[in-house]
Amino acid sequence: MSDHIENLVIVGSGPAGWTAAIYGARANLNPIVYEGAGSRTMIPGGQLMFTTDVENYPGFADGIGGIEMMLEFKKQAMRFDTRVVTDDIVEVDFSIRPFLLRTSGGEDVRARTVVIATGANARWLGVPGEERLAQSGGGVSACAVCDGALPFFRGRVIAVVGGGDSAMEEALYMTKFASEVLVIHRRDELRASQIMQDRALASEKIRFLWNKTVAEVLGDEVISGIRLRDTVTGEESEIAVGGMFVAIGHDPNTAFLRGHIDLKENGYVRLPTAWRTETNVPGVFAAGDVMDDYYRQAVSAAGTGCMAALEAERFLAHGG
Ligand code: NAP
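Residues numbered from 1 in each chain as written. Predicted model: local features only at pLDDT ≥ 70, side-chain atom pairs only at ≥ 80, totals over all residues. Heavy atoms only, no water.

Give a description of the sheet that holds strand β13 (residues 206–209) that names residues and reports values.
On the basis of which strands lie adjacent, the open sheet formed by five strands has the order β10-β17-β11-β12-β13 and parallel pairing. In this open sheet, the two strands that pair with only one neighbour each are β10 (140–141) and β13. Two elements, strand β11 (residues 157–161) and strand β17 (residues 243–246), share four bridges in a ladder whose sense is parallel. Paired with Ala-159 across the strands is Met-244, a residue of β17. Here helix α5 (residues 165–174) sits on the sheet in contact with β11, β12 (180–184), β13 and β17, set at roughly 170 degrees to β11. (Pairing = 2+ DSSP bridges. Helix = DSSP H or I, 4+ residues; strand = E, 2+ residues; numbered from the N terminus. Contact = heavy atoms within 4.5 Å. Axes fitted to C-alpha atoms, helices over the stretch in contact; angles between N-to-C directions.)

As structure tokens, this is what we get:
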């Protein structure tokens, strides 16, 4: 192992990670970003790499593509000499100082401060047609707040899959644009909180298709419909839709942290103090979707990335 000790190691390369890098680099902390090795479901740049148009990030009046946006974030971080390694961090030891992190390439890295910004993955159904049409911007998405306002979905019949609060929220959001919203749920009872259920059930634009799962997403270039399977009778049917939003939950990327920092029951990083990004381990900070199961927006992730870098800088200035 080399004797070199990093001031600031940033794990993850979404809006939170790159913003932490920009702030850390401009504070002369010489940060190093482990941007992730890439897999089928997650690539460097995070969830925005799967988003076609970002229209709600302030400063881009005409919108910007998700991929283009993340490349700009990275470019800005590198302009201030951020170092970038295309590897995952697969193991950590926060019980020793400096901290020890191990990369997927088998390298050991020692760090005085760490910002965890590994994000969360939207859960997908894993049925034929879904991934292809999500990646091509063909009308399948896991985020109505991100994509639902696009002209593509206006005046169409839109399917929302799931029975939790996210599904109710996405369905209600889509009533602003869709001609009708079909909520497809695998049981005949919702998991969502009573208030969200009441709101969705009261909407004239929302129709519930109970005891149904999606067996296939239909359409070549763009979605044309979905094939449903009844979970009670097994019967299959097809319905025409102009869009599908999958709202069946998210999984934070925290497996490598288990047992090393406090996580909430749902796996997200627990932050002990409101308006601070420090975890229960002094010197380890968390930013973006990995600690946020509530807002999950690029702009809020970037904001917390800034906070984490400023806190790391202060921690180091106080001899941490
Ligand atoms: P969730 O509560 O875990 O609900 C996931 C839903 O998706 C469940 O109805 C589940 O069905 C369904 N589902 C899961 N896997 C599926 C599959 N493979 N195929 C079909 N359906 C599937 O997740 P969430 O709605 O994202 O909410 C997560 C947390 O955030 C919750 O604590 C929620 O209260 C909170 N939240 C709050 C708000 C709000 O208050 N405004 C908004 C969003 C989220 P089953 O019910 O059959 O398991």
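That covers the picture; the talk isn't over yet.
Would you mind going over the state of the cysteines in detail, with residue names and values included?
What the rule picks out here adds up to one disulfide. Paired through a disulfide, Cys-143 and Cys-146 show a sulfur-sulfur distance of 2.0 Å. The disulfide joining Cys-143 to Cys-146 has a torsion of about 75 degrees about its S-S bond and is therefore right-handed. Given the relative accessible area of 17%, Cys-143 is considered buried. (Disulfide = S-S within 2.5 Å. Buried < 20%, exposed > 50% of the residue type's maximum accessible area, 1.4 Å probe, protein only.)

So what's going on with the site of the ligand? Which residues, and what values?
As a matter of local geometry, the ligand sits amid 13 residues, with Asp-165, Ser-166, Glu-169, Arg-187 and Arg-191 nearest to it. Asp-165 places a side-chain nitrogen or oxygen 2.5 Å from an oxygen atom of the ligand. Here an oxygen atom of the ligand and a side-chain polar atom of Arg-186 are 2.9 Å apart. The class makeup of the residues in the shell around the ligand is two nonpolar, six polar and five charged. (Near = heavy atom within 4 Å. Polar contact = N/O pair within 3.5 Å; in protein donor to acceptor, adjacent residues only side chain to side chain. Nonpolar A, V, L, I, M, F, W, Y, C, P; charged D, E, K, R; others polar.)

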